[in-house]
Amino acid sequence: MKVSMMQVGPIGTNCYILEDGKKAAVIDPGDEADRILAQLDVQVEYILLTHGHYDHTTGVPELHKALPGAKIYIHQADANGAGSRLFPLAGQVDDLLLYDEGDALPLGALTIEVLHTPGHSPGSVTLKAGDVLFTGDTLFAGDCGRTDLRGGSWEEILVSLGRLGKLEGNFHVLPGHGDTSDLDTERKINPYLKQGMELK
């Protein structure tokens, strides 16, 4: 398994390329599709979205044209926002596929598991692959995502953070913005993760 990261778009969204063997998934292509395409030398099976906000999805239509065989997945709750500036994607790509809690996508010898982790947006997900969590804008290094945008919920993100904090073992935390981290570190220093883990 190999993961590479690049920051794209005006606010530096973290876009990830997850590879296993000759297969790859592009996660959160927020912009600059040409730069992303230039990094790809394997077959792209999936374009995976941790949520539907524009800064994570702007590059999808151009990638879709260049990679018509790649399946594009988003959670239903964020696909419903078609046409708005905050959730623009469903108005631009017709053949979106939907994933939800418990779904699993094969990638080479890997399995990518979907955890529904709402709060930043109704359809936010965390993608678990091997010892890596792609947390989108749910969990950041030492912080968590904002909940004041449409569909956000402080109560829900605390539950989602608590769930991530209670996963067994350590994981690399690869968030949608900022630095990477690991789950053991976040359990020690992240006040929001701690608060979520204390919920009954």
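Just so it is clear, the structure is predicted and the values come from calculations on it, not from any experiment.

**Student:** Got a sec to walk through helix 5 (residues 154-165)? Specific residues and values, please.
**Tutor:** The first and last C-alpha atoms of helix 5 sit 16 Å apart over 12 residues, in line with the 16 Å expected at 1.5 Å per residue. Looking only at helix 5, the buried set comprises I157, L158, S160, L161, G162, L164 and G165. Looking at where helix 5 begins, the residue whose side-chain oxygen comes 3.5 Å from the main-chain nitrogen of E155 is S153.

**Student:** Lay out the packing of aromatic side chains with the relevant residues and their values.
**Tutor:** What the rule picks out here adds up to four aromatic pairs. Aromatic side chains Y46 and Y73 sit 6.0 Å apart centroid to centroid with 65° between the ring planes, which places their arrangement in the edge-to-face category. With Y46 in strand 4 (residues 43-48) and Y73 in strand 5 (residues 71-75), this pair connects stretches of sequence that are 27 residues apart. Across the pair, exposure class does not vary: Y46 and Y73 are buried alike.

**Student:** Talk me through the pairing of strand 3 (residues 23-27); I want residue IDs and the actual numbers.
**Tutor:** The buried fraction of strand 3 amounts to four of the five residues, a majority that puts the element mostly inside the structure. Relative to strand 3, strand 2 (residues 13-20) runs antiparallel, the two sharing five bridges. Bridging across to strand 3, I17 finds its partner in V26. Linkage of strand 2 to strand 3, two consecutive antiparallel strands, is achieved through a turn of two residues, within which G21 is found at a positive phi near 65°. With helix 1 (residues 33-38) bridging strand 3 and the parallel strand 4, this β-α-β connection has right-handed handedness.

Thresholds, definitions, all that
Residues numbered from 1 in each chain as written. Predicted model: local features only at pLDDT ≥ 70, side-chain atom pairs only at ≥ 80, totals over all residues. Heavy atoms only, no water. Helix = DSSP H or I, 4+ residues; strand = E, 2+ residues; numbered from the N terminus. Expected span 1.5 Å × (residues − 1). Buried < 20%, exposed > 50% of the residue type's maximum accessible area, 1.4 Å probe, protein only. Polar contact = N/O pair within 3.5 Å; in protein donor to acceptor, adjacent residues only side chain to side chain. Phe/Tyr/Trp six-rings, centres within 6.5 Å; stacked < 30°, edge-to-face > 60°. Pairing = 2+ DSSP bridges. Right-handed = clockwise from strand over helix to strand, strands pointing away.

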